[in-house]
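# Summary of the model geometry
Here's the letter readout for the chains.
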There are 2 protein chains.
Amino acid sequence: MIKILVDAMGGDNAPQATVAGACLAAEKDKELYIILTGRKDEVQTELNKHKYDKSRFEIVDCPDVVDMNDIPTEAVRKKDSSLIRGFWMLKKEEDICALVTAGSTGATIAGGQLILGRIRGVKRPALCAGIPNSRGGVTLLCDCGANAECKIEMLCQFAILASAYAKAGFGIQNPRIGLLNNGTEEHKGDPLRQQTYQCLKQLNGINFAGNAEGRDIMLGDFDAVIADGFSGNVALKSMEGCGKLVLGVMKKEFSSSLSSKIGYLFMRKAIKRMRGQLDFDKAGGALLVGLKKPVIKSHGSSKPETIAASIANAATVHRNALIPAIDKLLEESGIDRLSEIINVGE
Amino acid sequence: MIKILVDAMGGDNAPQATVAGACLAAEKDKELYIILTGRKDEVQTELNKHKYDKSRFEIVDCPDVVDMNDIPTEAVRKKDSSLIRGFWMLKKEEDICALVTAGSTGATIAGGQLILGRIRGVKRPALCAGIPNSRGGVTLLCDCGANAECKIEMLCQFAILASAYAKAGFGIQNPRIGLLNNGTEEHKGDPLRQQTYQCLKQLNGINFAGNAEGRDIMLGDFDAVIADGFSGNVALKSMEGCGKLVLGVMKKEFSSSLSSKIGYLFMRKAIKRMRGQLDFDKAGGALLVGLKKPVIKSHGSSKPETIAASIANAATVHRNALIPAIDKLLEESGIDRLSEIINVGE
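Report follows, based on the coordinates. What you see is a predicted model; the values in this text were computed from it and never measured.

This part covers the pairing of strand β10 (residues 286–289) of chain A. All names here are of chain A. By the alternation rule, side chains of β10 split into A286 and L288 and L287 and V289, which are all buried. Relative to β10, strand β5 (residues 126–132) runs antiparallel, the two being bridged by 3 bridges. Counted as the bridge partner of C128 is L287 from β10. Connecting the antiparallel pair β10 and strand β11 (residues 295–297) is a turn made up of 5 residues, with G290 showing a positive phi of about 120 degrees.

Rendered as C-alpha cells:
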C-alpha cells in the first residue's frame, strides 16, 4: 500500500478538482491509499460525487486553509491548515510516502524546508518540472522557481537531484544533463555558469552533456536542464506563454470560417494529439526535490487529470526509491571534493 | 534618400538571401539607397538575378569575411571584412543612416561598441527583439543577449532605449514597460530586480507598468519587457523553441492521415495566418540599441523576407528620428538623479 497525502483545499479549483483527481488516481492504481486533508464536510461532499473505494480513502479534518496571500513563513504557522497539517503528518508518520498540493508555491517550499526538512547534504530543494519535448517525452527543468539566487554548489546539486529524478520518475537510465546558458560553447555565460560548467564536468555519476540554450529545453536531446530558479522560471513561463498563444490562435483560426470549421472536423484527432504533445501538465506538477520525502506542487489551476498525474508521479518516485537514490548519488558524485573549485568561485 | 548599409556576406544564406532581401526592400521603399558590402563579384552575381534600380544600389568590395568562429575582439580588426568595413563607413560617412547584418552577434556588438560608439551617457548597448504577441503585434524584449551581466543602471537605461524604440519603430505612443521577473508582485525577484523596480518607478517619461513574467512577453499587455541579457536570451530562445516544436508537430500531424490531409486543404488559409502570427522574424532582426546609429542584427538563418523586414525597420527608426529621441528621453528621464539609489544597490 502506498499512502499519499493530498492537500484537498489547495488550488483554484479545490476541493472539487483535488478530490476528483484523487479518485481518478486511486481508481487507476489499486495500491494507492489517499489521505485528504481539508474541511471534512466539504471534502466528504465532493467525495460523495464519485465512486470510490472507502477502504482506501481517509479524510483528516483541517478547519484552516493557507491563503495565496499568506506570507510563506507565516503560512507555516497555520498548523490547522490542510497544507501545513499535511507537512507535519508527512514528517511524523513514517508510512506516509508523499504529499501532493496545488496550493501556494511559497508556502509549499517553506513547509518543505522548515517542517519536513532536506536530505542530508542538500543545500536547498529545487522545483523540478517536466516540460513536453519534441521526442514526445518530457525534459526536466530544475530549478524552475524555488531559488531566485543560486551558487555553484546549488546548481551542481540540482544536477544530481534532477538526474536521480529522471531515472526514478521517468525510467531514463543515463539521463543527459544540460546547463541552461546563453549559448552552447563552453566559455559562454556569466562567471556562475562558467564555473558551474567546470564542476559539472567533474561530478561522478552525472552524464553532463554541456550547455543548453532556451530552445533546447523543448527541442534538444537533454533529459534534464539545470538552471537557477530565476532564469528557470523565466524559461518555464515563456514556454507556457508561447504554448497558450498557439492554442488560443489555433482555436480562433479554426473557427474563423466555414472552410476552417469543415477542415477542423477532418483534423480533430490530429489536433487532439497536438494539444496532448503541448501539454505542460503531462507529468502532473513539479517535484520539490531535495526534501526527505517527495512533495509535488501542482499548478494552482490544476484540473482533476493534473492532480491525478501528480499523485501517480508521486507513487512512481516512491516505488522507484527516489530518496535513497539521491542519497547514494550525492555520496558517489564526489561533490564534496569539489569544494576547492566551488570556494574559489564564490 | 535613406542610405542603408547591408552586410552582404553575413549569415548562413549569404550573399543570396542578403542581396535578395535588399532588392525586396528597395522595391517596396523607393526612398532607399542600398550599399552592399562584400565580395564584389559574388554580390554582383546575386544582384544580377534580380530586377533592381541601379541608381539606388552600390557595392563596396570587401575581400574579407567575419567568420562565426572569430573571437569578437579579433573580428573587429578585420578591416577588409564586409561587416567591419560597414561599421567604419557607418561611423565616418554622415549620410549613411543604418547598418543591417545577419552575421556574428558577438562581432556586431563589438563593432558597435568599439567602432561606431555609444550614445553619450549610455553604459552598454542592448539587443532589442520584437516578439510576436497575442494582440497581433510585437512586444520588445530588451536586452535579449548583449549583456549577460547587468546592473541596475543598465536595466533602467534599457527601459529608456526600448521605450524610445517602441515609439519610433512601432508607433506606440506611451509604451507600457515591464520588468522581467519571477512573479508579478513588487517584492519579487533577486535584489537586482527589487532595486531596479524602485528606480523604474521614479524615471520620468517612462510608463513603467510593473513586473512581467515570462508568459507576459507573448500574452501580456506590455509593449516592452526589460531583462538582463542572460534571462532575456533564455526567454527568447525558450519561446522560439516552443514555437518551432508547435510548427513541427503541426506539420507532422497535418499529414499524418488522409483525413488530416483533407482537413488541411480546408484550413490552409487559417494555418497560414497562424504561422504568420507566430513569426519571430516579423519585425526583422533585433535592434542593437544605444549606439550612435541604428544597427540591426538579423538572425543568422535570415531569409530574404527577414532581411527586407530588417532594412524596412532600419528605415523606419531613421525616419522617426530614434537616436535624437533616445538622447532627449535619457535627459528627461532624470536617471542621473537616481544615482543615490543605484549606488546603494551596487
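Our focus in this paragraph is the sheet that holds strand β1 (residues 2–7) of chain A. All names here are of chain A. Taken in spatial order, the 11 strands line up as β3-β2-β1-β4-β11-β10-β5-β6-β9-β7-β8 in an open sheet, and their pairing is mixed. The open sheet terminates on both sides in strands that have one partner only, identified here as β3 (57–61) and β8 (207–212). Averaged over all pairs of adjacent strands, the angle between their axes in this sheet comes to 25 degrees, without regard to strand direction. Where β5 lies against strand β6 (residues 138–142), 5 bridges are found, and the strand directions are antiparallel. Opposite I131, over in β6, you have T139 as the bridge partner. Set on the sheet, helix α6 (residues 152–170) makes contact with β5, β6, β7 (176–180), β9 (224–226) and β10; between it and β6 the angle comes to about 150 degrees.

What follows deals with the relation of the copies chain A and chain B. It takes a turn of 180 degrees to lay chain A on chain B, together with a shift of 0.0 Å along the axis; the resulting RMSD is 0.0 Å. The two molecules are tied by a two-fold rotation axis, judged by turn and shift. The rotation axis passes nearest to the C-alpha of G263 of chain A in chain A, at a distance of 1.9 Å. Interface overlap between copies: 100% of the residues of chain A at the interface are likewise at the interface in chain B, consistent with a symmetric, same-surface contact.

This part is about the environment of R319 of chain A. Residue and element names in this part refer to chain A. As for its placement among the helices and strands, R319 is situated in helix α11 (residues 304–319). Along the primary structure R319 and C97 are separated by 222 residues, whereas in three dimensions their C-alpha atoms are 9.5 Å apart. In this structure R319 touches I2, D29 and E31, once residues within four positions along its chain are discounted. There is a polar contact of 3.0 Å between the side chain of R319 and the side chain of D29.

Here C142 of chain A and D143 of chain A are connected by a cis peptide whose omega angle stands at 10 degrees. Position of D143 of chain A among the secondary structure elements: in the loop between β6 and α6. Note the cis peptide between A14 of chain B and P15 of chain B, where omega equals 0 degrees. Along the chain, P15 of chain B turns up in the loop between β1 (2–7) and α1 (16–28). A positive phi angle is found at A321 of chain A, which is not glycine, with a value near 50 degrees. On the secondary structure map, A321 of chain A appears in the loop between α11 and α12 (322–333).

Between chain A and chain B, the residue contacts involve 52 residues of the former and 52 residues of the latter. Taking both partners together, chain A and chain B bury about 4500 Å²; carbon and sulfur atoms supply 71% of that area. Broken down by secondary-structure element, the contributors of at least two residues to the side of chain A that touches chain B are α7 (191–202), α8 (214–219), α9 (229–253) and α10 (258–277) of chain A. For the side of chain A that touches chain B, the element with the most residues is α9 of chain A, which contributes 18 residues. Grouping the constituent residues of the side of chain A that touches chain B by class yields 25 nonpolar, 16 polar and 11 charged.

The next thing to look at is the packing of aromatic side chains. Residues and elements named next belong to chain A. This model, assessed by the stated rule, comprises 7 aromatic pairs over all chains. Ring geometry for Y197 and F208: centres 5.1 Å apart, planes at 80 degrees, overall edge-to-face. Highlighted residues: Y197 in helix α7 and F208 in strand β8, separated in sequence by 11 residues. F208 matches Y197 in its accessibility class, with the two residues each being buried. Sitting over the face of the ring of Y52, K54 holds its NZ or CZ atom 5.6 Å from the ring centroid.

This paragraph deals with a nonpolar patch on the surface. Side chains of L258, I262, Y264, L265 and F266 of chain A together with Y264, L265 and F266 of chain B sit close together on the surface and give an oily, nonpolar patch of about 730 Å² of accessible area. The set of elements that each furnish at least two residues to the nonpolar patch consists of α10 of chain A together with α10 (258–277) of chain B. Per element, the largest residue contribution to the nonpolar patch is 5 residues, and it comes from α10 of chain A. Secondary-structure assignment places L265 of chain B in helix α10.

Here we take up empty space enclosed by the protein. Residue and element names in this part refer to chain A. Tallying each qualifying case throughout the model produces 1 cavity of 30 Å³ or more. Size it by volume and the largest cavity reaches roughly 40 Å³. Lining the largest cavity, in full, are G10, G11, D12, N13, A14, A17, T18, A102, G300, S302 and I307. A class-by-class count of the residues in the lining of the largest cavity yields 4 nonpolar, 6 polar and 1 charged.

As a further point, take α6 of chain A. Residue and element names in this part refer to chain A. The end-to-end C-alpha distance of α6, which contains 19 residues, comes to 26 Å, matching closely the 27 Å that a straight helix rising 1.5 Å per residue would cover. Most of α6 is tucked away: 16 of the 19 residues are buried. A positive phi of about 65 degrees marks G171, the residue just after α6.

Cut-offs used in this document
- Residues numbered from 1 in each chain as written.
- Chains lettered and ligands numbered in written order.
- Predicted model: local features only at pLDDT ≥ 70, side-chain atom pairs only at ≥ 80, totals over all residues.
- Heavy atoms only, no water.
- Buried < 20%, exposed > 50% of the residue type's maximum accessible area, 1.4 Å probe, protein only.
- Helix = DSSP H or I, 4+ residues; strand = E, 2+ residues; numbered from the N terminus.
- Pairing = 2+ DSSP bridges.
- Axes fitted to C-alpha atoms, helices over the stretch in contact; angles between N-to-C directions.
- Contact = heavy atoms within 4.5 Å.
- Least-squares fit on C-alpha atoms with pLDDT ≥ 70 in both.
- Polar contact = N/O pair within 3.5 Å; in protein donor to acceptor, adjacent residues only side chain to side chain.
- Buried area = accessible area lost by both parts, 1.4 Å probe.
- Nonpolar A, V, L, I, M, F, W, Y, C, P; charged D, E, K, R; others polar.
- Phe/Tyr/Trp six-rings, centres within 6.5 Å; stacked < 30°, edge-to-face > 60°.
- Lys NZ or Arg CZ within 6 Å of the ring centre and 35° of its normal.
- Patch = residues over 30% accessible without salt bridge, like charges linked within 9 Å, V, L, I, M, F, W, Y side chains within 5 Å.
- Areas by Shrake-Rupley, 256 points an atom, 1.4 Å probe, with all protein chains shown as cover.
- Salt bridge = Lys/Arg side-chain N within 4 Å of Asp/Glu carboxyl O.
- 1 Å grid on protein atoms, 1.4 Å probe; cavity = no way out; pocket = protein on both sides within 12 Å on 5 of 7 lines; lining within 4 Å.
- Points joined across faces, edges and corners; volume = space filled by probe spheres on them.
- Expected span 1.5 Å × (residues − 1).

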